[in-house]
Amino acid sequence: MIRGQYISYKHQETDILKDIDVNVGTGQFLAIVGPNGAGKSSLLNILANEIKTENKEKIFFKNRSLSDWNIGELSQHKAKFSQHNAQDIPLLVKDVVMMGRYPYFESQPKPDDHIASEKAMTGTDVLNLQKREYNSLSGGEKQRVHLARVFSQLDNKSENTLIFLDEPLNNLDIKHQHKTLELIRSFTKNNNTAIVVLHDLNLAAQFADQVLLMEKGTVLSYGPPEKVFTAETISKAYGFPCTICKHPVNNNTMILFG
Amino acid sequence: MISKSQSLTFYIIVSLIFLLLMMFGALNIGVFDFGSSSSYQVFAKLLSGDPSLSTSERYIIWEIRTSRIVMAVLVGSMLAVSGTTLQGMFKNPLATGEAIGLTSGATLLAAIAIVLGHTFESYLPEIVRNSLVGISAFIGALLAMITVYRISTSAGKTNVVMMLLSGVAITSIGFSVTGFLIYISKDEQLRDLTFWNLGSLAGATWTKNIILSIVLLLSYIVILPKGKALNAMMLGEKDAEHLGINVEKLKKQIVIITALMVGTCVAFSGTIGFVGLIVPYILRFLFRSDYHFILPLSAIFGSILLLAADTISRTVVAPSELPIGILTSLIGGPIFIAILIKFKNTLR
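Just so you know, these numbers come straight off a predicted model, no measurement behind them.

Chemist: Where do I start with the sheet that holds strand 8 (residues 193–197) of chain A in this structure?
Modeler: The pairing of strands in a sheet comes from backbone hydrogen bonds and takes either a parallel or an antiparallel form. All names here are of chain A. Taken in spatial order, the 6 strands make up an open sheet running 6-7-8-3-9-10, and their pairing is mixed. Every interior strand has two partners, whereas the edge strands, strand 6 (78–81) and strand 10 (218–223), have only one. On average, each strand axis in the sheet is inclined to that of its neighbour by 15 degrees, with strand direction left out of account. Strand direction decides the pairing type here: strand 9 (residues 210–215) and strand 10, joined by 5 bridges, are antiparallel. Among the inter-strand pairings, Glu-215 is bridged to a residue of strand 10, identified as Thr-218.

Chemist: Sorry, what's going on with unusual backbone geometry here?
Modeler: Negative phi is the rule for most residues except glycine; trans is the rule for most peptide bonds. Residues and elements named next belong to chain A. At Asn-63, a residue that is not glycine, the phi angle is positive and equals roughly 65 degrees. Within the element layout of this structure, Asn-63 appears in the loop between strand 4 (59–61) and strand 5 (64–65). Despite not being glycine, Asp-125 shows a phi value in the positive range, around 65 degrees. Position of Asp-125 relative to the elements: it lies in the loop between helix 4 (111–123) and helix 5 (139–153).

Chemist: Would you explain the domain arrangement of chain A in this entry?
Modeler: A common way to report how large an interface is uses the accessible area buried once the components associate. Residues and elements named next belong to chain A. Here chain A is described as being made up of domain 1 (1–77 + 158–229) and domain 2 (89–157). Put simply, the middle of domain 1 and the middle of domain 2, counted by C-alpha atoms, are 23 Å apart. Taken together, the contacts link 15 residues of domain 1 with 13 residues of domain 2. Broken down by class, the residue content of the side of domain 1 that touches domain 2 amounts to 4 nonpolar, 9 polar and 2 charged.

Chemist: Got a minute to help me understand the interface of chain A and chain B in this structure?
Modeler: Listed by partner, the interface residues are 17 residues for chain A and 18 residues for chain B. Mapped onto the side of chain A that touches chain B, the elements with two or more residues apiece are helix 2 (71–74) and strand 6 of chain A. When its residues are assigned to classes, the side of chain A that touches chain B shows 9 nonpolar, 5 polar and 3 charged.

Reading the values: the criteria
Residues numbered from 1 in each chain as written. Chains lettered and ligands numbered in written order. Predicted model: local features only at pLDDT ≥ 70, side-chain atom pairs only at ≥ 80, totals over all residues. Pairing = 2+ DSSP bridges. Helix = DSSP H or I, 4+ residues; strand = E, 2+ residues; numbered from the N terminus. Axes fitted to C-alpha atoms, helices over the stretch in contact; angles between N-to-C directions. Domains from an automatic or database assignment. Contact = placed C-beta atoms within 7 Å. Nonpolar A, V, L, I, M, F, W, Y, C, P; charged D, E, K, R; others polar.

Structure, rendered in structure tokens:
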């Protein structure tokens with residue numbers, strides 16, 4: 001689906017990323033984890049074609065170099081949910097969600113677009129907010145509006161699509177954190193791919209197929225959760241002691257800190 | 001339920017009918033008295049090519065009144081659309097040609113062309129010489145625009161304070177240079193310069209109207225379909241790009257086209273301030289910030305506003321007339337303050 005080799009990125013003489021290799025297959029849910037400043041968001045931005053670097057030629061999306069795609073075409077194959085969403089948009093919620101359908105219509109939304117945006121709003125539980133002013137919503141609700149927008153953008157006939165999510169769980173309550181992760185998982189079950197920056201290691205262990213643990217711009221460990229999440233690796237990455245055990249009910253890997 | 005596309009068409013048709021009625025009404029308002037026949041009878045005679053029409057009547061109804069009404073419609077429309085587009089690009093309702101110094105930039109170079117133009121005119125090709133003031137106004141607007149954008153925007157985010165302050169700086173440079181030019185200029189040039197500074201549609205001619213129509217047509221073909229793109233800009237430039245919008249190209253188009261529109265309007269009618277602020281402000285009450293609505297509608301409401309203002313300006317102190325810039329600034333100033341108060345908290 002997407003692969004990149006030797007991805008490096010410098011910002012004002014500081015190395016943010018150093019020679020990172022990633023290869024994410026179709027239907028995979030990859031969680032990027034790591035301490036603050038490890039370069040998680042930078043890696044996501046580069047893969048999502050947000051930063052202009054010479055790396056573009058080294059990143060292959062659907063076997064074509066990112067620099068060979070045009071922006072319009074790309075928008076029907078991949079979408080990105082950003083960490084900092086605009087707080088001031090003087091529009092109704094449904095108009096904000098409908099922006100996700102902009103790649104599909106010229107001036108007026110078609111019936112397909114209405115169906116897709118309603119489906120996405122149902123998915124993130126904002127359908128009942130659709131006639132509200134976006135600016136009147138709480139932080140978590142705004143977050144869910146943008147999640148709906150991003151998911152509606154990839155509701156198309158294309159075989160496999162790719163979604164990037166940068167800390168999608170910020171501001172969300174427990175129920176919506178789980179609902180969102182389930183939404184991502186059902187998205188990947190349909191042969192789509194998700195690359196998600198997460199902070200909660202336990203949720204990453206529970207939902208992700210693959211985990212990429214970063215530290216200071218390099219990959220510390222990359223593989224399935226049970227391989228990456230060992231007490232030794234985590235303590236090394238975060239500089240904080242932890243214990244690994246099994247969840248008493250569902251037997252998932254559980255990480256306890258302190 | 002009326003769908004959104006139908007309601008946009010509905011609003012466009014209703015406001016167009018309203019504009020036509022206003023143009024019709026404005027035809028009958030004016031200082032000249034046609035005696036026994038009404039203005040409409042004279043206009044009908046003109047259309048049917050009636051030989052009984054005297055040259056002076058013909059001149060008044062066609063060369064003065066009709067051409068002035070048409071010019072108000074064209075200039076008003078372009079000023080409003082340029083304001084709306086700028087606000088979309090800067091993502092702020094305070095961005096208008098006056099606030100960010102675009103108008104001053106255009107006025108400044110137009111003034112230089114008027115006063116000093118004769119010194120280098122002979123080196124220029126014929127076509128440039130004839131439209132020297134217009135071209136200078138366009139270049140002035142473009143330079144001001146680029147300067148303000150470079151100063152106030154970094155990494156896709158506009159700093160509102162920087163945007164307004166760089167506008168203040170450009171305006172003050174423009175003010176001092178224009179002041180100096182007024183000081184050194186001859187009598188005839190002085191009259192022209194005063195005309196720029198206050199703004200007036202009294203200089204309307206059909207030649208100007210044809211040029212304005214061409215500029216309007218070219219600009220609208222590019223700009224009016226950008227409603228969706230300007231909406232997406234509210235998400236931030238990067239997110240707009242993820243939605244398939246070529247943000248760099250869009251911004252270049254907006255910079256050039258708004259400079260072209262403002263420059264042409266300033267060249268022909270001087271500084272008519274705040275149309276680009278008032279019209280979107282009113283439309284936002286009705287349609288929020290949905291540019292899909294307010295962009296095409298501002299093209300019509302701009303005409304309505306300027307035509308109304310011009311008709312008032314030529315009747316209120318008849319037989320003399322009030323410079324129209326005084327009127328639009330009188331409405332625009334308080335609205336600017338109203339928006340400022342609303343933004344007080346976010347500006348801090």
